[in-house]
Amino acid sequence: MPSYDIPTEQWAQVLEKTGGPVVYKKIPVPKPGPDEVLINVKYSGVCHTDLHAVMGDWPLATKIPLVGGHEGAGVVVARGELVSDIEIGDHAGIKWLHGSCLSCSYCQNADEPLCAKALMSGYTVDGSFQQYATAKAAHVARIPKHVSLEAVAPVLCAGITVYKGLKESGARPGQYVAIVGAGGGLGNMAIQYAKAMGLHPIAIDAGDDKAKSCKELGASAFIDFSKTKDIVADVKAATPDGLGPHAVILLAVSEKPFQQATEYVRSRGVVVCIGLPANAFLKAPVFDTVIRMIQIKGSYVGNRADTAEALDFFEQGLIKCPYKTVGLSELQNIYDMMHDMKVVGRYVVDTSR
Ligand code: NAD
Ligand code: ZN
């Protein structure tokens, strides 16, 4: 087993008060508990959830001070005395679900994200925007050594979440699925997972840069919500029989599409809510929902098996999403761009700079 020199101090981005900004500073390197590993985080994706945490958008308080981040890919450099199934030197991923009780009825049935005692990386415990992070060994993603840690980082939240959402939609190969917010981090991944699962993704977002990226990733159509005069007609027209998509995956960070989706989904279709805009509500006409037999459901990250499956798609070379890498020191700039909806796809931060 290799051994690593672990420093006592490290660089991190720290949220000191809700609303931000984050502060790039040196903090102590944490020590792993008995059931934990210490991961030398090399790269971390930046998810809109991290920005929601900074802004205090949700009815759930974060830890303060907080180190955000939950798409961290790195190397296991130390482990607690109870950890035996992951070795020093192995590659591992920090994902949103940091830990769960492993004994409640949800954990027993592999619905760990629903555990009442679930811990969330970069929200209720410190996450991956630091050079060394602790993680529960039972929940870390196992990353094969030949896979690029930089490219795989966005799979650890965005990939797992959209893969799970597509499974929850029940859409089958050959069917059409609308991806709302397709130009963002989750959206780009959703196009690729949908393609890999034999589905036809219809991308919805705004702007020429996002249109270009969605088409390059394989969307069968792109609908610009900022330009269309009739989004319902346009989405239906993007399916060969004009009846609308079989499923809608809602990844947008605004409320409006959550109200529109049932209007263009096909009868018997499934609307899967994943995006978490602040203070948003779902609304749909009861009459249409009943007589068109529409399902509306939520989907929340994925369990350990979903994680392994989502990583397997990536390892097979089926998921190729472009990303931009910048230094961890530039995290606040990414948040500013994300706030203005200017981020196309995903940003990854390199913790060494
Ligand atoms: P992102 O900022 O990269 O992308 C969001 C996209 O939504 C942007 O491209 C934006 O232009 C687009 N958008 C905004 N309004 C729209 C509209 N009216 N119609 C269509 N598109 C619209 O964000 P992300 O990192 O992809 O995250 C998306 C959302 O998913 C966030 O709210 C995040 O918190 C949430 N999320 C949920 C889960 C879960 O488990 N349910 C997991 C991860 C992220
Ligand atoms: Zn996320």
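Here the structure is a predicted model, which means the values were calculated and not measured.

What counts as what
- Residues numbered from 1 in each chain as written.
- Chains lettered and ligands numbered in written order.
- Predicted model: local features only at pLDDT ≥ 70, side-chain atom pairs only at ≥ 80, totals over all residues.
- Heavy atoms only, no water.
- Helix = DSSP H or I, 4+ residues; strand = E, 2+ residues; numbered from the N terminus.
- Rg over C-alpha atoms; globule rule 2.2 N^0.38 Å.
- Buried < 20%, exposed > 50% of the residue type's maximum accessible area, 1.4 Å probe, protein only.
- Axes fitted to C-alpha atoms, helices over the stretch in contact; angles between N-to-C directions.
- Parallel < 35°, antiparallel > 145°, perpendicular 65-115°, else oblique.
- Left-handed = near helix turned anticlockwise from the far one by under 90°.
- Contact = heavy atoms within 4.5 Å.
- Nonpolar A, V, L, I, M, F, W, Y, C, P; charged D, E, K, R; others polar.
- Pairing = 2+ DSSP bridges.
- Patch = residues over 30% accessible without salt bridge, like charges linked within 9 Å, V, L, I, M, F, W, Y side chains within 5 Å.
- Areas by Shrake-Rupley, 256 points an atom, 1.4 Å probe, with all protein chains shown as cover.
- Salt bridge = Lys/Arg side-chain N within 4 Å of Asp/Glu carboxyl O.
- Lys, Arg positive; Asp, Glu negative; His and termini not counted.
- Charge placed at Lys NZ, Arg CZ, Asp CG, Glu CD.
- 1 Å grid on protein atoms, 1.4 Å probe; cavity = no way out; pocket = protein on both sides within 12 Å on 5 of 7 lines; lining within 4 Å.
- Points joined across faces, edges and corners; volume = space filled by probe spheres on them.

Attention shifts here to the overall build of the chain. A tally of regular secondary structure across the chain gives 11 helices and 17 strands. Scaling as 2.2 N^0.38, a compact globule of 353 residues should have a C-alpha radius of gyration of about 20 Å, and the chain matches this with 20 Å. In terms of principal-axis extent, the alpha carbons of the chain reach across some 60 × 40 × 35 Å. In the chain, buried positions account for 56% of the 353 residues.

The contact between helix α5 (residues 185-196) and helix α6 (residues 208-217) brings their axes to 9 Å, and the two run at 20°. Here α6 runs roughly parallel to α5, going by the angle between their axes. For α5 against α6, the interelement crossing comes out right-handed. Of α6, the residues touching α5 (which contributes Asn188, Ile191, Gln192 and Lys195) are Ser213, Cys214 and Leu217. In the contact of α5 with α6, the residues fall into 3 nonpolar, 3 polar and 1 charged.

Let's shift gears to the pairing of strand β12 (residues 221-224). Neither face of β12 is exposed, since Ala221 and Ile223 on one face and Phe222 and Asp224 on the opposite face are all buried. Pairing analysis gives 4 bridges linking strand β11 (residues 200-205) to β12, with the strands arranged parallel. Bridge assignment links Asp205 to a residue of β12, and that residue is Asp224.

Moving on, we get to the sheet that holds strand β15 (residues 295-298). Strand order in the open sheet made by the 6 strands is β12-β11-β10-β13-β14-β15, with parallel pairing throughout. Because the sheet does not close on itself, it has two edges, and the strands there are β12 and β15. For this sheet the average axis-to-axis angle between neighbouring strands, irrespective of direction, equals 20°. The strands touched by α5 are β10 (176-180) and β11; relative to β11, the strand with the most contacts, the crossing angle is about 165°. Here helix α8 (residues 256-264) sits on the sheet in contact with β10, β11, β13 (247-250), β14 (270-273) and β15, set at roughly 170° to β13.

This part is about a negative patch on the surface. Negative charge collects at one region of the surface, where Asp230, Asp234, Glu263 and Asp288 lie side by side. Here Glu263 lies in helix α8.

Now for empty space enclosed by the protein. Per the stated rule, a full pass over the model turns up 3 cavities of 30 Å³ or more. Here the largest cavity is characterised by a volume of approximately 60 Å³. Along the wall of the largest cavity there are 13 residues; nearest its centre are Leu15, Val22, Val54, Gly68 and Tyr335. Among the elements that line the lining of the largest cavity, the one with the most residues is helix α1 (residues 48-55), at 3 residues. When its residues are assigned to classes, the lining of the largest cavity shows 9 nonpolar, 3 polar and 1 charged.

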